[in-house]
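Residue-level structural notes
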Amino acid sequence: MAILDSKVPEGPIKDKWTTYKDKINLVNPANKRHIDIIVVGTGLAGGSAAATLAELGYNVKAFAYQDSPRRAHSIAAQGGINAAKNYMGDGDSNYRLFYDTVKGGDYRSREANVYRLAEVSGNIIDQCVAQGVPFARDYGGLLDNRSFGGVLVSRTFYAKGQTGQQLLLGAYSAMNRQIARGKIDMYNRHEMLDVVVVNGSARGIIARNLITGEIERHSAHAVVIATGGYGNVYFLSTNAMGSNATAAWKIHKKGAFFANPCFTQIHPTCIPRTGDYQSKLTLMSESLRNDGRIWVPAKLDDAKALQEGRLKPTQIAEEDRDYYLERRYPAFGNLVPRDVASRAAKERCDAGYGVNATGEAVYLDFSSAIERYGKEQAKIHNIKSPSAAKVYELGKAIVEAKYGNLFQMYEKIVDENPYETPMMIYPATHYTMGGVWVDYNLMTTVPGLYCIGEANFSDHGANRLGASALMQGLADGYFVLPYTIGDYLSNEIRTGKIPTDSPEFDEAEKSVKDRIDFFVNNEGTNSVDYYHKKLGKIMWEKCGMSRNEKGLKEAIAEIKALRDEFWKEVKVPGGADELNPELEKAGRVADFLELGELFAMDALNRNESCGGHFREESVELDGEQKGEAKRNDTEYAYVSAWEFKGEPSDAVLHKEQLEFKDIELKQRSYK
Amino acid sequence: MNLTLKIWRQKDSKAKGQMVEYKVTDISEHMSFLEMMDVLNEGLVAKGEEPVAFDHDCREGICGMCSLQINGEAHGPDRGITTCQLHMRMFNDGDTIVIEPWRAAAFPVIKDLIVDRTAFERIQQAGGYISINTSGNTQDANAIPISKEAADKAMDAATCIGCGACVAACKNASAMLFTSAKVSQFALLPQGRVEATERVMNMVKQMDLEGFGNCTNTGACEIECPKGISLENIARMNREYLAASLAKS
Ligand code: FES
């Protein structure tokens with residue numbers, strides 16, 4: 001425990017954050033202008049942090065690999081953002097949001113952090129409305145809320161199906177204001193390739209200008225990493241093509257511990273893969289499960305006929321359909337949490353019941369909803385004994401109003417009309433709960449080096465609830481980091497400008513340049529994607545929705561072998577001093593090839609099933625829960641924090657024991 | 001299907017570019033347009049040639065990064081979508097497809113199909129924000145009711161993804177649709193009214209400085225906009241601008 005100090009303040013959970021803020025050291029406004037902060041990544045977490053730090057008076061340098069902060073992948077979040085405003089008067093409170101988040105995360109998150117998250121959630125909404133974020137409103141002009149992800153209250157604020165976009169554009173506008181004031185220097189089309197540590201503290205980064213290829217040195221008194229998750233380790237995921245783990249992995253190699261890499265979220269409602277050329281997967285909002293019923297054929301023959309295109313789903317009689325979620329989980333049915341829904345789909349498809357050519361798809365059917373809504377509407381409009389066509393027409397209008405844009409998106413991709421033919425869905429990697437270990441201050445194990453948003457190991461434990469990612473990103477950036485970083489920087493007011501001509505900068509720059517030189521000069525035979533796809537296949541098959549000791553051990557050996565081959569045989573066309581997307585990918589895949597191994601090691605170490613991490617060895621053996629995931633609190637109620645020691649396989653495990661004082665640990669049950 | 005591609009290749013911003021012809025074979029109609037480009041590039045890499053550089057990221061029509069002029073149309077032949085959402089089923093076996101970068105003086109080519117859209121950034125920095133501190137010490141979110149109609153309209157304007165298709169589609173390379181979307185969003189909300197005068201003046205001024213052309217109301221931008229941003233926004237910005245000019249004079 002000596003190394004891993006979570007720095008959680010003393011006192012009752014409800015007062016921790018307030019007391020903490022009252023007591024921390026502050027930086028005098030006149031001194032802030034002598035302090036530089038680097039923020040890498042400008043999504044919700046990085047963008048909001050950069051804007052707020054600049055507004056406080058620090059000099060901020062922000063870095064994004066895209067051509068604008070507005071392109072960060074936070075923009076793709078659809079569903080909404082949670083906040084314990086209790087506008088609906090349905091009994092919501094900070095405690096309830098805290099409780100739901102810890103329970104939903106299967107008791108693998110740090111209580112004090114999660115409580116603080118719930119506490120500041122309301123501020124986020126105030127802030128965003130003041131910024132001009134056009135949240136959905138009711139006819140009285142007040143903010144509308146919906147219930148999301150199977151929780152019992154309506155606390156999700158939304159902006160159509162584009163909540164992430166609107167929140168990001170809000171943070172982007174706040175950044176623009178500071179860029180205009182000269183308080184943020186924005187470096188678009190730049191990628192951080194290493195962090196520079198001087199006398200044990202983070203003092204800058206090495207970045208590559210992606211247009212010219214120039215390698216640049218940037219110094220600062222503190223460095224903030226906000227570069228998102230590592231879902232692309234699977235090659236196929238709902239992440240953007242450029243989403244990568246390089247910044248997080250580089251700081252790991254320079255001393256930041258990496259926590260719970262095996263905690264990844266596989267989202268149940270994505271559009272299935274159609275062929276080997278597939279480059280990414282598209283998520284359909286989870287809200288679809290509120291009205292859609294999930295099924296596969298009950299008979300293997302029917303499944304086979306569907307796979308071969310000889311049968312249409314609408315030709316399968318009601319009694320020949322297996323609504324497996326409703327069958328297995330009568331209490332929650334189609335609304336079971338993401339991890340449960342994903343595994344159940346995989347189980348059916350593995351057993352041969354998949355419904356498309358690849359055998360990896362299940363149906364999400366709206367015909368019952370259309371009928372139910374149609375009948376309801378007929379009643380409301382006083383239509384006596386309406387025809388089936390009328391019921392369909394009325395019901396379809398309601399479904400269209402609720403999910404029209406999603407249906408349209410589906411139709412564009414799959415070329416099938418989901419009002420008439422059930423949608424096909426399959427799970428895909430979506431979010432990574434694991435990430436860089438941080439203490440209560442969001443500081444990593446390297447002084448002056450912070451990590452926020454999805455990039456840190458976060459407040460979501462082993463499973464993230466819907467509409468919580470946006471909340472955490474903005475909480476970290478707007479309301480938590482700006483306080484906690486001040487405490488650290490109060491000791492930096494006399495440091496002065498950090499020089500970039502130190503041996504540490506020389507060395508970091510040299511290693512970056514050497515690696516680039518290697519890539520552009522290596523006379524290999526295979527493209528970067530060739531290796532990325534192979535890695536993705538290992539990860540998906542052996543570290544995917546369901547994991548076991550044998551598979552994980554194989555994965556570790558296979559990834560290592562693949563990495564060795566990569567470093568011999570990878571081929572990168574083009575030069576170092578120009579815009580070179582293949583070179584960018586090469587660096588990112590090289591890091592994924594190391595991270596993947598640590599991921600598998602972590603999954604192997606955690607011989608329990610919790611949240612998104614399902615170990616086949618750890619299931620309930622009998623009783624009502626037979627075959628369901630079994631958590632093991634006696635042995636595994638800890639955060640695994642890995643220390644880098646030269647090779648992924650040499651990593652040393654440190655444990656942060658989790659204490660639950662305000663919540664009683666319970667096994668999840670959705671039966 | 002088998003296709004002939006005619007693609008603009010340009011080494012960097014200073015080099016002279018040219019159209020180069022490529023063949024791709026066995027393209028599935030279920031592929032997205034950018035997946036077809038991946039197939040082309042994978043082939044080029046295998047042959048030791050430099051792949052075609054193009055911008056893309058989310059590949060789900062929301063980040064606004066992708067940007068191709070396909071057979072003369074911004075984001076290609078389909079409507080209401082971005083290039084990354086375009087599917088090959090829109091094309092036929094044997095087709096020749098012409099692929100160019102956005103063409104506009106304010107969007108110089110960086111390499112091949114990638115253009116520099118930072119002019120858009122500077123327009124946003126000129127006023128695309130509400131001057132509110134991010135400290136969180138603001139009033140309660142429900143303190144000012146906003147009619148559903150205004151909120152919905154503001155949302156419709158706010159869905160702009162900043163891809164630049166409007167500029168590429170316009171014969172004058174005007175950025176009116178882009179600029180007006182942000183001006184409208186804030187003009188429709190009480191929070192945005194406070195600075196409405198300054199905002200519209202500053203954003204329009206920056207837009208002109210960047211070298212975007214004038215709007216002659218051809219409506220091409222609205223047709224090619226993947227998010228259906230309406231011309232109404234341009235009308236609203238013109239009203240705002242007029243009112244602001246009068247207020248200033
Ligand atoms: S790649 Fe994001 S909109 Fe096309």
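Conventions and cut-offs
Residue positions are given per chain, counting from 1 as you read along its sequence in written order. Numbering of ligands from 1 and lettering of chains from A proceed in the order in which they are written. Only residues with pLDDT of at least 70 get local features here, since the model is predicted, and only at 80 or more are side-chain atom pairs given and counted; chain-wide, interface and lining totals rely on the full set of residues. With hydrogens and water excluded, all non-hydrogen atoms of the structure serve as input to the side-chain values. Start and end points for every domain follow an automatic or database-based domain assignment. Using a 1.4 Å probe, buried area is obtained as the accessible area two parts lose upon being combined, added over both of them. Note on definitions: salt bridges are taken to be side-chain nitrogens of Lys or Arg within 4 Å of carboxyl oxygens of Asp or Glu. Whenever two N or O atoms come within 3.5 Å, that pair is a polar contact, provided that in protein one can donate a hydrogen and the other can accept it, and provided that, for residues adjacent in sequence, both atoms are side-chain atoms. Secondary structure counts use DSSP, requiring at least four H or I residues in a row for a helix and at least two E residues in a row for a strand, with both numbered from the N terminus. A simple rule labels every residue: compare its accessible area, found with a 1.4 Å probe on the protein chains alone, to the largest value its type can have, and call it buried under 20%, exposed over 50%, or partly exposed in between. Take the buried Ala, Val, Leu, Ile, Met, Phe, Trp, Tyr and Cys residues and link them wherever side-chain atoms come within 4.5 Å; each set so joined is a nonpolar core. Pairing between two strands requires that DSSP report at least two bridges joining them. With axes taken as lines fitted to C-alpha atoms, and helix axes fitted only over the stretch in contact, angles between N-to-C directions fall between 0 and 180 degrees. Any two residues whose heavy atoms approach within 4.5 Å are treated as being in contact. Here a Phe, Tyr or Trp ring, Trp counted by its six-membered ring, pairs with any other such ring whose centre lies within 6.5 Å, and the pair is stacked when the planes are under 30 degrees apart, edge-to-face when over 60, and tilted otherwise.

Topic: the domain arrangement of chain B
Residue and element names in this part refer to chain B. Here chain B is described as being made up of domain 1 (3–111) and domain 2 (117–131 + 143–248). Taking only C-alpha atoms into account, the centre of domain 1 sits 28 Å from that of domain 2. Counting the surface domain 1 buries against domain 2, the share from its top three residues, Trp102, Ala106 and Phe107, is 33%. Applying the counting criterion to the domain 1 and domain 2 interface returns two salt bridges. Linking domain 1 with domain 2 are six residue pairs in polar contact (both at pLDDT 80 or more), by the criterion used here.

Digging into the pattern of salt bridges
Where side chains of opposite charge bring their charged atoms close, a pairing between them can arise. All names here are of chain A. If you walk through the whole model with that rule in mind, you get 81 salt bridges over all chains. One salt bridge connects aspartate 100 with arginine 155, and the closest N-O pair in it is separated by 3.1 Å. Remark: arginine 155 occurs in the loop between α5 (111–130) and β4 (156–157) and aspartate 100 occurs in helix α4 (residues 94–104); sequence separation between them is 55 residues. Accessibility expressed as a relative area gives 2% for arginine 155, which makes it buried. Among the ionic pairs, lysine 513 bridges to glutamate 509, the shortest N-O distance being 3.1 Å. Of this pair, lysine 513 and glutamate 509 both sit in helix α14 (residues 503–521), separated by four residues, roughly a single helical turn. We classify lysine 513 as partly exposed; its relative accessible area is 37%. A network of salt bridges, in which partner residues are shared, links Asp106, Arg108, Arg606, Glu608, Arg631 and Asp633.

Re the nonpolar core
The biggest cluster of nonpolar side chains holds 236 residues, and the ones touching the most others in it are Ile81 and Phe135 of chain A together with Phe212 of chain B. If you tally residues by element for this core, the top one is helix α17 (residues 581–605) of chain A, at 12 residues. Judged by nonpolar contacts, the second largest core, of 29 residues, contains Met1, Leu5, Ile99 and Leu113 of chain B.

Let's talk about the sheet that holds strand β9 (residues 222–225) of chain A
Residue and element names in this part refer to chain A. Taking strand neighbours across the sheet as the criterion, the five strands line up as β5-β2-β1-β9-β17 in an open arrangement whose pairing is parallel. Among the strands making up the open sheet, the edge pair consists of β5 (184–187) and β17 (449–451). Recorded for the sheet is a direction-independent mean angle of 20° between the axes of neighbouring strands. Examined bridge by bridge, β9 and β17 share three bridges and lie parallel to one another. Bridged to valine 224 within β17 is tyrosine 450. With respect to the sheet, helix α6 (residues 163–180) is in contact with β2 (59–63) and β5, its orientation differing from that of β5 by roughly 110°.

Points about the packing of aromatic side chains
Inspection of the entire model under this criterion finds 38 aromatic pairs over all chains. When the centroid spacing of 5.2 Å and the interplanar angle of 70° are considered together, the rings of phenylalanine 98 of chain A and tyrosine 115 of chain A count as edge-to-face. Remark: tyrosine 115 of chain A occurs in helix α5 and phenylalanine 98 of chain A occurs in helix α4; sequence separation between them is 17 residues. Its relative accessible area of 4% is what places tyrosine 115 of chain A among the buried residues. With centroids separated by 5.9 Å and ring planes inclined at 35°, the aromatic side chains of phenylalanine 120 of chain B and phenylalanine 212 of chain B adopt a geometry described as tilted. Here phenylalanine 120 of chain B, found in helix α2 (residues 118–125), pairs with phenylalanine 212 of chain B, found in the loop between α7 (196–209) and α8 (220–224); they are 92 residues apart in sequence, far enough to count as distant. Taken as a pair, phenylalanine 120 of chain B and phenylalanine 212 of chain B share a single burial class, namely buried.

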